[in-house]
Number of protein chains: 2
Amino acid sequence: MNQRIGILGGGQLGKMLYSAGSQLDMDLHFLDGQPDCPVAKVAPSVQVGGLKDPKAILAFGADKDILTIEIEKVNTAVLEELRQSGKKVFPQPHVIELIQDKGRQKEFYASDDIPSSDFALYHSKEAARSEVSSGRWTYPFVQKMRTDGYDGRGVHMIRSEADWDDAFPNNFLIEAAVDIKKELAVVTCTDTQGHTICYDPVEMVFHPEANLLLYQLAPADVSASIRTSAQKLAKDVAQKYGVVGLLAVELFVDQEDQLLVNEVAPRPHNSGHHTIEACYTSQYENHLRAISGLPLGDHGLISPSLLLNILGNPECSGPVHYEGMEKVLAIAGANVHLYGKTMTKPYRKMGHINLLDPDTSVLVERYQQILQTLKVITK
Amino acid sequence: MNQRIGILGGGQLGKMLYSAGSQLDMDLHFLDGQPDCPVAKVAPSVQVGGLKDPKAILAFGADKDILTIEIEKVNTAVLEELRQSGKKVFPQPHVIELIQDKGRQKEFYASDDIPSSDFALYHSKEAARSEVSSGRWTYPFVQKMRTDGYDGRGVHMIRSEADWDDAFPNNFLIEAAVDIKKELAVVTCTDTQGHTICYDPVEMVFHPEANLLLYQLAPADVSASIRTSAQKLAKDVAQKYGVVGLLAVELFVDQEDQLLVNEVAPRPHNSGHHTIEACYTSQYENHLRAISGLPLGDHGLISPSLLLNILGNPECSGPVHYEGMEKVLAIAGANVHLYGKTMTKPYRKMGHINLLDPDTSVLVERYQQILQTLKVITK
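Residues numbered from 1 in each chain as written. Chains lettered and ligands numbered in written order. Predicted model: local features only at pLDDT ≥ 70, side-chain atom pairs only at ≥ 80, totals over all residues. Heavy atoms only, no water.

### Digging into the overall build of chain A
Of the regular secondary structure elements, chain A holds 12 helices and 21 strands. Relative to the compact-globule value of 21 Å for 379 residues, chain A shows a C-alpha radius of gyration of 21 Å, a close match. Each principal axis of the C-alpha distribution contributes one length, and for chain A these read about 60 × 50 × 45 Å. For chain A, the residues scored as buried account for 57% of the 379 residues in total. When contacts within chain A are restricted to residue pairs at least 6 apart in sequence, those whose partners lie at least 24 apart make up 62%. With an accessible surface of roughly 15200 Å², chain A has 49% of that area assigned to carbon and sulfur atoms. Looking at chain A, you have 36 positive and 48 negative side-chain charges, and the mean spots of the two groups are 4 Å apart. (Helix = DSSP H or I, 4+ residues; strand = E, 2+ residues; numbered from the N terminus. Rg over C-alpha atoms; globule rule 2.2 N^0.38 Å. Buried < 20%, exposed > 50% of the residue type's maximum accessible area, 1.4 Å probe, protein only. Contact = heavy atoms within 4.5 Å. Areas by Shrake-Rupley, 256 points an atom, 1.4 Å probe, with all protein chains shown as cover. Lys, Arg positive; Asp, Glu negative; His and termini not counted. Charge placed at Lys NZ, Arg CZ, Asp CG, Glu CD.)

### Brief notes about helix α10 (residues 283–291) of chain B
Judged by how many residues are buried, α10(B) sits mostly within the fold: 9 of 9 residues are covered. After α10(B) finishes, the residue Gly293(B) shows a positive phi value of roughly 75°.

### Some points on the nonpolar core
In this structure, Ile353(A), Leu355(A), Ile353(B) and Leu355(B) are the most contacted members of the largest nonpolar core, which totals 92 residues. Apart from residues no more than four positions distant in its own chain, Ile353(B) is found in contact with Leu306(B), Leu307(B), Leu308(B), Ile310(B), Val328(B), Ala334(B), Asn335(B), Val336(B), Ile370(B) and Leu374(B). (Core = buried A, V, L, I, M, F, W, Y, C linked by side-chain atoms within 4.5 Å.)

### A look at the sheet that holds strand β9 (residues 172–176) of chain A
Residue and element names in this part refer to chain A. Taken in spatial order, the 4 strands of this open sheet run β6-β9-β7-β8, and their pairing is antiparallel. Of all the strands in the sheet, the pair left with one neighbour each is β6 (119–122) and β8 (155–158). Each neighbouring strand pair of the sheet contributes to a mean axis angle of 25°, computed without reference to strand direction. In terms of strand pairing, strand β7 (residues 141–145) meets β9 through 5 bridges, oriented antiparallel. In the strand pairing of β9, Phe-141 is matched with Ala-176. (Pairing = 2+ DSSP bridges. Axes fitted to C-alpha atoms, helices over the stretch in contact; angles between N-to-C directions.)

### Some words on the environment of Ser134(B)
Residue and element names in this part refer to chain B. By the secondary structure assignment, Ser-134 is in the loop between α7 (125–133) and β7 (141–145). The class of Ser-134 is exposed, set by a relative accessible area of 59%. Taking the C-alpha atoms as reference points, Ser-134 and Lys-55, 79 residues apart in sequence, are found 48 Å from one another.

### With respect to the packing of helix α6 (residues 102–111) of chain B against helix α8 (residues 224–241) of chain B
Residue and element names in this part refer to chain B. One can describe the packing of α6 onto α8 by two numbers: an axis separation of 12 Å at closest approach and a directional angle of 105°. Classified by the interaxial angle, the pair formed by α6 and α8 is roughly perpendicular. Taken together, the residues of α8 that come into contact with α6 (itself represented by Gln-105, Phe-108 and Tyr-109) are Val-237, Lys-240 and Tyr-241. Residue classes in the contact of α6 with α8 are distributed as 4 nonpolar, 1 polar and 1 charged. (Parallel < 35°, antiparallel > 145°, perpendicular 65-115°, else oblique. Nonpolar A, V, L, I, M, F, W, Y, C, P; charged D, E, K, R; others polar.)

### Re the pattern of salt bridges
All names here are of chain A. Scanning all chains against the criterion turns up 38 salt bridges over all chains. Salt-bridge contacts for Glu-80 lead to Arg-83; the nearest nitrogen and oxygen are separated by 2.9 Å. Here Glu-80 pairs with Arg-83, and both are found in helix α4 (residues 76–84), just 3 residues apart, close to one helical turn. One salt bridge in this structure joins Arg-136 and Asp-118, with 2.9 Å as the shortest N-O distance. Of this pair, Arg-136 sits in the loop between α7 (125–133) and β7 while Asp-118 sits in the loop between α6 (102–111) and β6, and the two are 18 residues apart along the sequence. Residue Asp-118 is classed as partly exposed on the basis of its relative accessible area of 39%. Residues joined by salt bridges that share partners form a network here, namely Lys-102, Lys-106, Lys-144, Glu-175 and Glu-263. (Salt bridge = Lys/Arg side-chain N within 4 Å of Asp/Glu carboxyl O.)

### Description of a positive patch on the surface
A surface patch of positive charge is lined by Lys52(A), Lys73(A), Arg153(A) and Lys345(A). With respect to the helices and strands, the residue Lys52(A) is situated in the loop between β3 (46–48) and α3 (54–61). (Patch = residues over 30% accessible without salt bridge, like charges linked within 9 Å, V, L, I, M, F, W, Y side chains within 5 Å.)

### Side note on the confidence of the model for chain A
On average, chain A scores 96 in pLDDT, and the residues at 70 or more come to 99%. Reported confidence for the predicted complex is 0.94 by ipTM and 0.96 by pTM. (pLDDT = per-residue confidence, 0-100.)

### Quick notes on the relation of the copies chain B and chain A
Expressed as a screw transformation, the operator carrying chain B onto chain A has a rotation angle of 180° and an axial translation of 0.0 Å, and the superposed copies differ by an RMSD of 0.1 Å. The two molecules are tied by a two-fold rotation axis, judged by turn and shift. Within chain B, Pro44(B) has its C-alpha nearest the rotation axis, a separation of 2.2 Å. Most of the interface of chain B is mirrored in chain A, where 100% of its interface residues again form contacts. (Least-squares fit on C-alpha atoms with pLDDT ≥ 70 in both.)

### A word on the interface of chain B and chain A
Each side of the interface is counted separately: chain B has 40 residues, and chain A has 40 residues. At the boundary of chain B with chain A, total buried surface from both sides reaches about 3100 Å², with 53% on carbon and sulfur atoms. Among the residues of chain B in contact with chain A, Gln23(B), Tyr280(B) and Leu329(B) are the three that bury the most area, contributing 21% of the side total. Viewed at the interface, chain A and chain B are joined by 2 salt bridges. Lys41(B) is the salt-bridge partner of Asp25(A), the closest N and O atoms lying 3.1 Å from each other. Seen at the junction of chain B and chain A, the total is 17 residue pairs in polar contact (both at pLDDT 80 or more). (Buried area = accessible area lost by both parts, 1.4 Å probe. Polar contact = N/O pair within 3.5 Å; in protein donor to acceptor, adjacent residues only side chain to side chain.)

### Looking at the side chain of Arg267(A)
Along the polypeptide, Arg267(A) turns up in the loop between β15 (259–265) and α9 (275–278). A polar contact is formed between the side chain of Arg267(A) and the side chain of Glu72(A), at a distance of 2.5 Å.

### A few points about the pairing of strand β12 (residues 202–206) of chain B
Residue and element names in this part refer to chain B. Burial within β12 is extensive, with 4 of its 5 residues counted as buried. Direction of pairing for strand β10 (residues 180–190) relative to β12: antiparallel, over a ladder of 3 bridges. Directly across from Ala-185, in β12, lies its bridge partner Val-202. Pairing geometry for β12 and strand β13 (residues 213–218), over 4 bridges, is antiparallel. Paired with Glu-203 across the bridge in β13 is Leu-217.

### Section: the packing of aromatic side chains
Counting across every chain of the model gives 18 aromatic pairs over all chains. Between Phe141(B) and Trp164(B) the ring centres are 6.1 Å apart and the planes differ by 55°, which places this aromatic pair in the tilted class. Of this pair, Phe141(B) sits in strand β7 while Trp164(B) sits in the loop between β8 (155–158) and β9 (172–176), placing them 23 residues apart in sequence. In this structure, Phe141(B) and Trp164(B) share a single accessibility class: buried. Feature note: the residues Trp137(A), Tyr139(A), Phe141(A) and Trp164(A) constitute an aromatic cluster, connected by ring pairs. We note Lys64(A) situated over the ring of Phe60(A); from NZ or CZ to the ring centre the distance is 4.3 Å. (Phe/Tyr/Trp six-rings, centres within 6.5 Å; stacked < 30°, edge-to-face > 60°. Lys NZ or Arg CZ within 6 Å of the ring centre and 35° of its normal.)

Set out below in structure tokens:
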């Protein structure tokens, strides 16, 4: 464990990687464009530099043995250069590059027999609209930017002609709308020997009317057969990418109980935050083990859990204040994680809370309690 | 949570406090005499200075709102000065001072009706031996240094006349030997409102012949009535000390199932290491909550666990190497904590492993496996 590990990105995922690594006395270093990123507050070795900046990445990588990422938006060409110079780079640069482009992701699923919704790539609205006219697509469907989407940004529902007005202008894909029964995610981790583990599927629970994520439940409330199929599919995806380290696989379950791959992320993922307290070994520790050539740890679930994101109030921007936090801390089984962001913005991910309890109905009750108590506002 | 917290001591307990505090975005700073202490490797704000050095402590405390400790051997007079200048200091300096002196600890138990073994204080061997002659003590009994004992150091069994030769010369106490059935520990935590919680009693399991701690089990294998009595007694002790924050209470169960207080520590304790993974809220987080005036978190046990210390091989001194660690990492439910000490010494605490499993016999099996696999040697 004496290898020097360089991590591109110093956000909350980096912060949680740091915590996992320091428990094992791993030697972790970070690169981030923002001097006040979450990791900078907690880790002694953080270098300031852009994640697309060749000079910054080369300088950062020069004295590292292993390089990894906590965000996909990085310069993969420079990472490939570092890899060819003898550094270990996981996830491998070609995998990051493929995943950065949602168009190429979809082509990959199509060519590798991975079930995913129907899609097509377009360079302009005009090209897409003419295919709507010719009957290739019927409303509603989904428009997605091929690159730079993040946390729901870069996704646009097109329900009728009128929705084209504020559609993305170019370089997008159209996906058939899936009649979704449930949304699941399976976090996988693959070691350097190619052995893949799959965490229990988690379920994103949405508001019955508004398209609003309420919370995430582990394990997902699905049949044993869907659970097994989801893990099998996620493992298949990870193996076909040939990735080393984490790959989070987001899945749709449609009304016919068919599983479809939505998107993947080759890094720690929001859908694995609960693994810190709810699993024997967290996604963060397993990622670090994987890229270090160590055996993976036990990914079993210790306890059912409910995860909610602490989001910036849509009305507030400015120095953050967590109103009601004292009451939340008193709630049994509540594990509060604050990312240390000083400024709140509408819907910004400021932290998360992982609730643990053997009884799911208790979890939902406590979630309601938190919802009524905690307000992320400005001072 | 915007208070500046200063922690005296930067050892492994400080490192684990740091990890708990950074999850909650607490603002933690450390003072330690060693520039290469475990915390210095992981936390950005570590000041070098002696924990008995008035100038260093005053300078460190000047810009802090709250001060706490992770080791008792500190200058309590200076902490009291800081307290009187308006800083919050928990545990309170007079409590640390009382606990530093094992003689005063015993007097405190005697005067406050807390069950503890018979004892007497002595200034010289001669004084003690004359009381042995007069029949006040019969062999075997225990000799303890009043101050500066640590991790078993400062304790000497006197079984016969001959054992006086290498006994401590002065400023010690004699304690009656207890016919011990079990050794337990209860970690308590008290908030600023005086509300005390007690973690489940843990049990130290010793080698049946050698006086050697093998591992620690949570929960302790005791009857419900002993469990309740142990928690009640520990709570009583914490309340009588009037301490804010953690107080670990070490207990003997004698052959008649009577509970006796052995010693206490007003800080995170080895007997609470398992709480990181095995309890809803760890001792570390609860200590930080307590001293910050926040409500305490759920101290319930999520899973049975077995804790073993990773100790330096008695034959080795030098740069540490953990032979067999890869195999240990592959053991299901094993949470490895390495403190980041670069040099190993005989019996030095280098880390610990917390095993989690619902089945105690599985825990013991895995412990045996680790024992045969892991060697803490030099490179």
